Amino acid sequence: MLIYLNINRISRPILERFDICAEAAPVSFYELNQENAANEDSASIRSRVEMARKIQKKRFEGKKIRFNSRMGQSEIKQFCKLGREEQAFARQVYESRGISARGYHKVLKVARTIADLAGEENIQREHLAEAFGYRTLEEKLWG
């Protein structure tokens, strides 16, 4: 069963509660038929996801949560610390795009997960950039 959703009818406060909202561009015929495409295979992706889940399991040992998406304010402060360069970048994007506090905390949690998938202990600028990129739908809808 297909469900078509008119995204314009979703209020901003509801959309802000989504962790990731990404658009998928259609795949061209040429891309489908490329033989030497540099795509990551499913086994590699699965391995990275399993590694990230182990990292999160260890991180939240003894706590009531198991995943980054469930972090509250105290866990965000503890596990999503940013370096000076990353903090300056996050501030610039936050202010220029008018992201809400809720939206910013979602970005930090997603950036933490992206860093985990990359096997990085610290959130880096590229992790933040990717996480902010997953919030562009709000901007398209409400400017």
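The structure under discussion appears in the preceding block.
Here we summarise the structure given alongside this text. Because the structure is a prediction, the values reported are computed rather than measured.

### Some points on the side chain of arginine 112
Secondary-structure assignment places arginine 112 in helix α6 (residues 101-117). Arginine 112 gets classed as buried once you look at its relative accessible area, which sits at 3%. For arginine 112, the residues in contact, after removing those within four places along its chain, are Arg59, Asn68, Met71, Phe79, Cys80, Glu120, Glu121, Asn122 and Ile123.

### Re the nonpolar core
Judged by nonpolar contacts, the single largest core of 22 residues is most densely connected at Met71, Leu82, Tyr104, Leu108, Ile123, Leu128 and Phe132. At the level of elements, α4 (73-79), α5 (84-97), α6 and α7 (125-133) are the ones that each hand at least two residues to this core. It is α6 that contributes the most residues to this core, seven residues altogether. Sequence-distant contacts of leucine 128, defined by excluding residues within four places in its chain, comprise Leu82, Glu86, Phe89, Ala90, Val107, Leu108, Ala111 and Ile123.

### Considering helix α3 (residues 42-59)
Taking 1.5 Å of rise per residue, 18 residues should cover 26 Å, and α3 covers 26 Å from first to last C-alpha, within 8% of that figure. Those residues of α3 that sit buried are Ala52, Gln56 and Arg59. Projected down its long axis, α3 shows its buried positions confined to an angular sector of 55°, all on one face. Residues of α3 that are exposed and point over 90 degrees away from its buried face: Ala43, Arg46, Lys54, Lys57 and Lys58. Buried residues in α3 make contact with α4 and α6.

### Regarding the pattern of salt bridges
Charged atoms that come close allow side chains of opposite charge to pair. Evaluated as defined, the whole model comprises five salt bridges. Among the ionic pairs, aspartate 116 bridges to arginine 59, the shortest N-O distance being 2.8 Å. Residue aspartate 116 is found in helix α6, and its partner arginine 59 is found in helix α3; the two are separated by 57 residues along the sequence. The salt bridge involving glutamate 95 is made with arginine 91; its shortest N-O contact spans 3.0 Å. Here the residue glutamate 95 and the residue arginine 91 both occupy positions in helix α5, the gap between them amounting to four residues, near one helical turn. A relative accessible area of 51% means that glutamate 95 is categorised as exposed.

### Some details on the packing of aromatic side chains
Evaluation of the coordinates by the stated rule reveals three aromatic pairs. Residues phenylalanine 89 and phenylalanine 132 carry aromatic rings whose centres are separated by 6.3 Å and whose planes lie at 75° to one another, so their mutual orientation is edge-to-face. With phenylalanine 89 in helix α5 and phenylalanine 132 in helix α7, the pair connects residues that are 43 residues apart, well separated along the chain. With a centroid separation of 5.5 Å and an interplanar angle of 70°, the aromatic rings of tyrosine 94 and tyrosine 104 are classed as edge-to-face. You can see tyrosine 94 sitting in helix α5 and its partner tyrosine 104 sitting in helix α6, a full ten residues away along the chain. We note arginine 59 situated over the ring of phenylalanine 60; from NZ or CZ to the ring centre the distance is 5.9 Å.

What counts as what
- Residues numbered from 1 in each chain as written.
- Predicted model: local features only at pLDDT ≥ 70, side-chain atom pairs only at ≥ 80, totals over all residues.
- Heavy atoms only, no water.
- Helix = DSSP H or I, 4+ residues; strand = E, 2+ residues; numbered from the N terminus.
- Buried < 20%, exposed > 50% of the residue type's maximum accessible area, 1.4 Å probe, protein only.
- Contact = heavy atoms within 4.5 Å.
- Core = buried A, V, L, I, M, F, W, Y, C linked by side-chain atoms within 4.5 Å.
- Expected span 1.5 Å × (residues − 1).
- Arc of directions from axis to C-beta.
- Salt bridge = Lys/Arg side-chain N within 4 Å of Asp/Glu carboxyl O.
- Phe/Tyr/Trp six-rings, centres within 6.5 Å; stacked < 30°, edge-to-face > 60°.
- Lys NZ or Arg CZ within 6 Å of the ring centre and 35° of its normal.

Geometric values such as these leave the question of function open.
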